[in-house]
Protein chains: 2
Amino acid sequence: MSSTRAAVELSRAYLLLNHGPTTLVSSAHGDRRNVMAAAWAMPIDLRPPKIGVVIAQDTYTRELVDASGELVLNLPTRSMVDVTYAVGSSSGRDGDKFAAHHLATSAASKVKAPLIEGCVGWLECRVIAEPHLAQAYDLFICEVVAAWADTRVWNGRTWDFEKHDELRTIHHLAKGEFVASGERLKASK
Amino acid sequence: MSSTRAAVELSRAYLLLNHGPTTLVSSAHGDRRNVMAAAWAMPIDLRPPKIGVVIAQDTYTRELVDASGELVLNLPTRSMVDVTYAVGSSSGRDGDKFAAHHLATSAASKVKAPLIEGCVGWLECRVIAEPHLAQAYDLFICEVVAAWADTRVWNGRTWDFEKHDELRTIHHLAKGEFVASGERLKASK
């Protein structure tokens, strides 16, 4: 695993996702695994930390998440724009997307879904059973059970991308167009 | 109302929010109105367009949204960082926040909650009754019934902030620190 990956205390895990970056959802069940892109992910609670993420009904990821009750939200960087869009535009049913896109992984600590190397944030999640939500809205609510961040851009309490432009998180606008997490601004009060 | 505000067709309304910007939630019921900041808002469906937003249980906004079943998600700009943080750090029960922060408004088309001037995107929303979600997670699912964007930065199909730095949307990191929606990136495939 990356030598700059450090644990994030669970009380701060929501801060990894607070600015609305696009995520890669990794999943695993038995000997099957998958990765897809998800722009529709956000924190929904602080203690214990919970996130919401939309996973469409007919996807391979949905099949693996339904079977395992687990997933990881990985935060890709601007260096990963191409692969983020590519894994969001193909299905793992057609072949292993990690191999096809040369995505290296390492083991998570609490779930079987892998952590994707090259990302800068990782939230290991367990699905909270809400069958109506999944059925009606493809929406999954998960508890974050472990979190990690790259210390080159995570200072222990917030993101700071100023010194590592290539490690900025990304935000999907539409059809392969993204914006990077940009200039840092501070409210005066 | 702003002369650069144009209607966004409902099939594209989710694109206003796809990149994960922080929002201002405006609400109204009877002669009462309020505004709060919400970083935890995202699209959850395309047709009809739906969004999810977290509104904490003890807030004045929650009281007005529960009473009216309506809200507007307004997208503030980098020029509005101070006011975004300020309205997220005070309660409308202590006095009208629009007046206190000199926020001008105009009438929405389908809901009574106002549109906030100076913002660049507006989603008029009606709450879909999901009492369990509100109770357990403070999470509201809403249908978007009308949407608007500022044509200086919305080209009809996506955001383009390159020519108007001051109109970039913003993303809350933590405690009054934000990043602007940054450099535009395009996936190669």
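All figures in this text were calculated on a predicted structure; none of them were measured in a lab.

Draft legend 1. Molecular detail of the overall build of chain A. Broken down by element type, chain A carries 4 helices and 12 strands. Relative to the compact-globule value of 16 Å for 189 residues, chain A shows a C-alpha radius of gyration of 15 Å, a close match. A burial count over chain A gives 59% of its 189 residues as buried. Surface exposure of chain A reaches about 7300 Å², of which carbon and sulfur atoms provide 50%.

Draft legend 2. Region of the structure containing the pattern of salt bridges. Applying the stated criterion across every chain yields a total of 28 salt bridges over all chains. A salt bridge links A:E117 to A:R5; its shortest N-O distance comes to 3.0 Å. Highlighted residues: A:E117 in the loop between β8 (115-116) and β9 (121-128) and A:R5 in strand β1 (residues 5-7), separated in sequence by 112 residues. A relative accessible area of 6% means that A:R5 is categorised as buried. B:D165 serves as the salt-bridge partner of B:R78, at 3.2 Å between the closest nitrogen and oxygen.

Draft legend 3. Here's a closer look at the relation of the copies chain B and chain A. Once turned by 180° and shifted 0.0 Å along the axis, chain B lies on chain A with an RMSD of 0.0 Å. The operation mapping one copy onto its partner corresponds to a two-fold rotation axis. Taken together, the interface assignments show that 100% of the residues at the interface of chain B recur at the interface of chain A, consistent with an identical surface on both copies.

Draft legend 4. Spatial organisation of the pairing of β9(A). Residue and element names in this part refer to chain A. Relative to β9, strand β6 (residues 70-75) runs antiparallel, the two being bridged by 6 bridges. Note on β9: the bridge partner recorded for V72 is E124. The pairing of β9 with strand β10 (residues 139-150) spans 8 bridges and is classified as antiparallel. Bridging from a neighbouring strand, G121 pairs with A149 of β10.

Definitions and cut-offs
- Residues numbered from 1 in each chain as written.
- Chains lettered and ligands numbered in written order.
- Predicted model: local features only at pLDDT ≥ 70, side-chain atom pairs only at ≥ 80, totals over all residues.
- Heavy atoms only, no water.
- Helix = DSSP H or I, 4+ residues; strand = E, 2+ residues; numbered from the N terminus.
- Rg over C-alpha atoms; globule rule 2.2 N^0.38 Å.
- Buried < 20%, exposed > 50% of the residue type's maximum accessible area, 1.4 Å probe, protein only.
- Areas by Shrake-Rupley, 256 points an atom, 1.4 Å probe, with all protein chains shown as cover.
- Salt bridge = Lys/Arg side-chain N within 4 Å of Asp/Glu carboxyl O.
- Least-squares fit on C-alpha atoms with pLDDT ≥ 70 in both.
- Contact = heavy atoms within 4.5 Å.
- Pairing = 2+ DSSP bridges.

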